[in-house]
Structure formats: structure tokens, C-alpha cells
Number of protein chains: 2
Amino acid sequence: MTDTRGTRAATIGDVARTAGVSRATVSRVLNGRASVDRALAERVETAIAQLDYRPSETARNLSLGRTNTIAVVVPDLGNPMFQAILHGVTLGAAEDGFQVLVGDTRERPELERRAALDARRRCDALLLCAPRMPDEDLAAVLAQAAPMVLINRPTPAPVAQLAMDYRHAIGLVADHLAGLGHRRLLYLGGPLSSASNRLRLEGVADAEKRHPGLVVQRQEVGASLDAGSDIADAVLRSDATAVIAFNDLVAIGLLSRLDDLGVSVPGRLSVVGVDDIPFARYSRPHLTTVSLPKDALGTQAWAQLKDAMAGRPAAEPVWVEGTLVERHSTGPAPA
Amino acid sequence: MTDTRGTRAATIGDVARTAGVSRATVSRVLNGRASVDRALAERVETAIAQLDYRPSETARNLSLGRTNTIAVVVPDLGNPMFQAILHGVTLGAAEDGFQVLVGDTRERPELERRAALDARRRCDALLLCAPRMPDEDLAAVLAQAAPMVLINRPTPAPVAQLAMDYRHAIGLVADHLAGLGHRRLLYLGGPLSSASNRLRLEGVADAEKRHPGLVVQRQEVGASLDAGSDIADAVLRSDATAVIAFNDLVAIGLLSRLDDLGVSVPGRLSVVGVDDIPFARYSRPHLTTVSLPKDALGTQAWAQLKDAMAGRPAAEPVWVEGTLVERHSTGPAPA
DNA sequence: TTGTACGCGTTATCAA
DNA sequence: TTGATAACGCGTACAA
């Protein structure tokens, strides 16, 4: 864009002039659209090399009506979950020559609408991850941002959707704990406004129905390492024998604090997380959790984005299911 | 960019026509450049609302000669270090109305040159993080990508630079360990091609000079959790009483494996990391490490990028120093 | 196969 | 204060 070397960057016109051809011809050898005489082509090539010419991406964008860029908007880049998604979609996009514009709404739902729309306007499509904005904001975004794909925010609206099945994931860990003889569980929930927290709560309710005698206390905590650590004392004051954490971050924070307090896990208390972030297998004790295919999610998102950009209608929402990863933070309920 | 609702998006011309004014006037009320008659302005406003008009970002980019977007290229988005930088720079940029295009070179140095240049061409400036490309590639990038800022890749070239002082950081932990009576250290290095690894090695050499009798073995390991875990056995076979890991990832992986093996830390072995990622304080035992101001780095990077875009000459390279954070993975050398 | 001419949607210049 | 009109740099019908 900017040229600080004093002399303005060469344009296609400059190349055409030095090569003694028309701009159309230069454009042709550049894009290989039509065939061009070998001799002319070579003159163009040398002119390009001589002038160190590079086509203006901006001008191409305007002329072609597309930017070959997609927008990815997430609530928090610090969350390993979104990092994994971003990572996956970046790789997929790169393979098709697309770049990625990233937006971080800093966990502030009131910024999401603007952020999503602004980012979208500079790109060809939008990948909106786990937005917590109110329904009406979401409706506005859905109305303007097509083609787009929505991740982890179930909606009846006809838009391409991809979501982790947290309800199913909680079912997995609840069954696991019930099988180990636990009857009094504690669910450490994330932000109430989060759709994925609501999903988890449904999973909790399902489990209670499925296992008569199982009781699950609910508590709102947060979604971070610190939140998990801070809640340790309250957890110990409860009569639960097992804890289902909102995600691995909360679980690992809790585990660390319990270790400091000398509480035996899983002897006295079992702890499970959800997500299976890379650190989960390196915690002490190694965390039992639900593995969700995060990179695959990014890849799938890219596939859906391509469909959407190609004008293909949105398929049914895709629910990706996780699998239980039994490690060492869970064990039989204490007698 | 794309409009799937069948009807093409309204342009400034459409607004002008429905409002019965010229496009110039519409542009004026849009950007508030000059004053415009109140009545006309209102007609324009209503026309805009009625047509649901939004100016084309692409067209503005071409006309204004800038995109209000910066490119950030990192070796690996999965690394908490780069995530933190990306996070910081995204926040800073957002405050000034800039967006961020992110590129991930997947730890493949041969992709860096192209990735950096491609990303740069769609943006107003480039933030290049810890590139491992050969010097000649770097020279090529520096020649074309201005305005830009370089992070963690010291070079004599006159470009704005920002770097963690890993040499100093290693000095900090080495002094700490020497003070605890350790004489036989083991340095677990990262990729040899990495400039930050070379910096650390200088720090190691400095420490050996500063502390007569101190010997430090060097070993190349990698930069990941898995790498740290995998090297545990080799570490135990050495006669070192303390380990300096390339970064916190390696340290945490190592710690986890040592715990599995029943090795007492810091009783038998002390372990230190570098970076102070969020997980460092939640490992077992809590990791002694060097805290580097990562978010601040992102913020500083944005400040420097603004300077560069304003045409201000590059200041001297900025070296940011870390501070030792003593936690519980280090203790007196065993007798 | 090549060149001419126009369109992409804005902003900026210059008269009026 | 307003409106023609010319950039911005490229792609592409269409004609030659």
C-alpha cells in the first residue's frame, strides 16, 4: 500500500509502457487468462522484473469484487479453544489462497455486532465464533453478513452452523462419573449468557434424568484458570464427590489449587474438564476430559465457508461430538 | 463484498440519485470533511437509511491508498507467546480503527518470505514475529515490506525492532540457580535456526563466565510440551541438578513427566522455564520462570507500527527485559 | 492475438 | 456550499 522508498510503486501502466504493449496484454500474461504471443510475453516479463512490479491487491479487489480474505471473529484470542479454531481455519484458507482477518471482541458482547460487521465488510465471508450478543443483534448480523458460518451459537435461522455438542459431552462425563459410583456432583458453569453453557446445563439435566439418585449442584464460576483456582475452597465446602468443570481451563486451575491444599484427586474428589486442550494431558493428575476435534472444526468451518461463498445453500447444522478421554483425575467415589 | 440477496448492494451513486444530489455531497456528509447544507444532509441521511447503504471498504481502500489493516505473521499460532503478542497488537490496533490480518507459517521457514510479503501487500504495514527464514530472505522482506516492525529477530538492518532479551532472561535464571548452589546445569535448547535460541545460548555462555565452576550442558530438544515430556529420561541420565528449559512449554512437559516418574522437584532436580505463560503458575510444582511482558510487547509493537506508518524513522531496537518469578520448581542443589 | 474503452465504488480537485 | 470530473489500479467485454 504505502511506499516509503520515495518513488511510487510501479503500476500495470508502467509495465505496459516499458514493454511497449497495452495494459490488457500485461494483465493477460499476469493472469494467464488468454494466450499471448511468446515474444510479447517475454518483453512483459522483463519489464515486470525490471520495474519490480507487483499488482495492487486493493485494485484487484475492487475490480474483481472479492478480496480473497475471510473474517474470523472470536470472543477471546486467549482461549485455547478459539486459538485452535483460528489455527485450523487459517490453514484451510491458506491452502485455497485465502487470508484471514481476525477480530477479538474481548469477551464484551456489546462489541460483537459492530466488530463482526466491520470485519465482514473488508472480507468475502465471515466466521463468527461463539457470539454472546443478544438475539436481535445476531439477527442483524445474519441479515447482513452472508455468506457466513456460525460456530457454537445454535439458532433456528437458516445459516450454516457448526457447533460442539457440549450437551453430549457433559453426558459423557456424567455417565463416566455415575459409573464410578458418584452420586453428588457439582457443575461449575461458565457465563450464563453463553450458549455453550446453556448446552452444558441441558446435558446436566439429561444426566439427572438418566441416572435416578444423581444430584448435580450448579454454580456459576467463569471460564478461566483463575476462576477454577478461586473456587477451590467453595468446592471443598460442598458435599460433592466429583466436579464437572466448565472447561479444561477451569479444571486445571482447580486441580492446581487442590494440589496446593493437599486434597487427594481423585481419592477425595474427582475432577473432569471439557475441551481437551494440549495442557490437559500435562496437568497433575492428568485431566480426564472430553476431546473435541478443534482443528477439525476449523477445517470444517472453512469447507462450509467455501460452500457459502459459492452460493450453495446452508446445509443442516453440524454437531461435532467429542469422546471421553479417561486420564487420572477421576476415580471411584469415596466410600 | 458478495451479496447473496439477489439485489446488488447500494452504491454511493444510488444514494446520490435518490437524494437528488451529487456523489461528492454524499461523500461529504459521510466523512464530514466539509460542511454541507442541513436540508441536503438530511435528504442524504434518509436516502442512506432507505437504501441501507454502506460504503464499499474496498473502494475506499483504493481511493485512499490505505486499508487500515496491518498484517501479523507468526511461526505458530499455537504458541502462547505469539498468541499473547497477537492479542496485544489486535487490541492496540482496534483502538485506532485498524484491523489485523494474521498469517501462520506453521513453523516452516521456507514459507515465511512469501507469507510475509503476501500478507503485507493487502495491508498498510507488517508485524513480523520471530521469523526463522535465512538472512537473504529476510533482507528481501525488509526491502519490500516497509513500513514494518520486526519482533525477536535481531538484525543490523535499519528496521524498527522489538525483542525479548532472552540473553538477559537466561542470565536471571542461571544466577538464581547458581545462588541456590547448583553447579551442573542442563540447557534444553529450541530450534538451532531460531534467533531467540542463539540469544539464550549467549546467556548461557555469559553465565558460565560469570560463575566459575558452573558447567552447563547443552542439548537441542524443541519447543513444545511433548518435547519436554519426551526428554525426561535423558535429563535423568545426565548428572545435572538443574534444568533450564527453552520455554515454559518444554518446562511444563518435563515437569509433568518427572512427576509421573516420581522424581522430586525441586528435591532431586530444579527446573526453570522462560516466558511465564498463564499455565506456568498452575503447574506442579508451580514453575519458576522469567516473566516477559507479552501483552506489552504487542502494545509496543502497535506503537512502533504507527510510527513507521507515519513515516517516522525507526528508533533504536527495543529490548524488553523480563523479571524472575520464583515459584516452587527450584530449590537448593541436592548435597 | 492484440488494443480500446469502460466499469468497479470511492475520494479529491477545481470551478461555479 | 455544490457539482462535474478526474484520479486510484486493475480486469475484461468487445472490436480489430
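Residues numbered from 1 in each chain as written. Chains lettered and ligands numbered in written order. Predicted model: local features only at pLDDT ≥ 70, side-chain atom pairs only at ≥ 80, totals over all residues. Heavy atoms only, no water.

(A) Molecular detail of the nonpolar core. Formed by 146 residues in total, the largest nonpolar core has its most connected members in I70 and L127 of chain A together with I70 and L127 of chain B. Discounting chain neighbours no more than four positions away, the residues touching I70 of chain A are V89, A93, F98, Q99, V100, L101, C123, A125, W302, L305 and M309 of chain A. If you look at the next biggest cluster of nonpolar residues, it comprises 34 residues, including L142 of chain A together with L128, A145 and V159 of chain B. (Core = buried A, V, L, I, M, F, W, Y, C linked by side-chain atoms within 4.5 Å. Buried < 20%, exposed > 50% of the residue type's maximum accessible area, 1.4 Å probe, protein only. Contact = heavy atoms within 4.5 Å.)

(B) Spotlight on the domain arrangement of chain A. Splitting chain A by domain gives domain 1 (12-63), domain 2 (69-164 + 294-320) and domain 3 (166-292). Domain 1 of chain A and domain 2 of chain A are separated by 36 Å when their C-alpha centres are compared. (Domains from an automatic or database assignment.)

(C) Just the relation of the copies chain A and chain B, in detail. With an RMSD of 0.1 Å, the fit of chain A onto chain B corresponds to turning through 180 degrees and sliding 0.0 Å along the axis. With respect to symmetry, the two chain copies, as superposed, fit the operation of a two-fold axis. Scanning chain A for the C-alpha nearest the rotation axis identifies L101 of chain A, at a separation of 2.1 Å. In this assembly the copies share their binding face: 100% of the residues contributing to the interface of chain A also contribute to that of chain B. (Least-squares fit on C-alpha atoms with pLDDT ≥ 70 in both.)

(D) The arrangement of the packing of aromatic side chains in detail. This model, assessed by the stated rule, comprises three aromatic pairs over all chains. Between F279 of chain A and F279 of chain B, the ring centres sit 3.6 Å apart and the planes meet at 15 degrees, which makes this aromatic pair stacked. With one member in each of two chains, F279 of chain A in the loop between β9 (270-272) and β10 (289-291) and F279 of chain B in the loop between β9 (270-272) and β10 (289-291) form a pair that bridges those chains. Taking NZ or CZ as reference, R200 of chain A lies 3.9 Å from the ring centre of Y166 of chain A, over its face. (Phe/Tyr/Trp six-rings, centres within 6.5 Å; stacked < 30°, edge-to-face > 60°. Helix = DSSP H or I, 4+ residues; strand = E, 2+ residues; numbered from the N terminus. Lys NZ or Arg CZ within 6 Å of the ring centre and 35° of its normal.)

(E) Broad picture of the sheet that holds strand β6 (residues 184-189) of chain A. Residues and elements named next belong to chain A. One open sheet holds the four strands; their spatial order is β7-β6-β8-β9, and the pairing between them is parallel. Two strands close off the open sheet at either side, each with one partner strand: β7 (215-220) and β9. Averaged over neighbouring strand pairs, the angle between their axes works out to 20 degrees when direction is ignored. Lying over the sheet, helix α8 (residues 166-179) contacts β6, β8 (242-245) and β9, oriented at roughly 170 degrees with respect to β8. Docked against the sheet, helix α12 (residues 248-260) engages β6, β8 and β9, running at close to 155 degrees with respect to β9. (Pairing = 2+ DSSP bridges. Axes fitted to C-alpha atoms, helices over the stretch in contact; angles between N-to-C directions.)

(F) Examining the protein's contact with DNA strand C more closely. Contacts to DNA strand C come from 27 residues, most closely from T25, S35 and D37 of chain A together with I12 and S63 of chain B. Among the atoms of DNA strand C lying within 4 Å of the protein, the sugar-phosphate backbone contributes 65%. Here a base nitrogen of DNA strand C sits 3.2 Å away from a polar atom, N or O, in the side chain of S63 of chain A. Here a phosphate oxygen of DNA strand C and a side-chain polar atom of R60 of chain B are 2.9 Å apart. When contributions to the surface near DNA strand C are tallied by element, the ones reaching two or more residues are α2 (23-31) and α4 (57-64) of chain A together with α2 (23-31) and α4 (57-64) of chain B. Of the residues assigned to the surface near DNA strand C, the class counts are eleven nonpolar, nine polar and seven charged. (Near = heavy atom within 4 Å. Polar contact = N/O pair within 3.5 Å; in protein donor to acceptor, adjacent residues only side chain to side chain. Nonpolar A, V, L, I, M, F, W, Y, C, P; charged D, E, K, R; others polar.)

(G) Structural context of the interface of chain A and chain B. At the junction of the two partners, chain A supplies 58 residues and chain B supplies 58 residues. Counting each side, the surface lost to burial between chain A and chain B is near 5,200 Å², with a carbon and sulfur contribution of 55%. Applying the counting rule to chain A against chain B returns six salt bridges. Between E57 of chain A and R121 of chain B there is a salt bridge whose closest N-O contact spans 2.8 Å. Within the residue set of the side of chain A that touches chain B, elements represented by two or more residues are α4, α5 (80-95), β2 (99-104), α6 (109-121), α7 (135-145), α10 (225-230) and α12 of chain A. The element that contributes the greatest number of residues to the side of chain A that touches chain B is α12 of chain A, accounting for six residues. The residue makeup of the side of chain A that touches chain B, split by class, is 22 nonpolar, 19 polar and 17 charged. As paired elements, β2 of chain A and strand β2 (residues 99-104) of chain B share three bridges and run antiparallel to each other. Bridge pairing links L101 of chain A to L101 of chain B in β2 of chain B. (Buried area = accessible area lost by both parts, 1.4 Å probe. Salt bridge = Lys/Arg side-chain N within 4 Å of Asp/Glu carboxyl O.)

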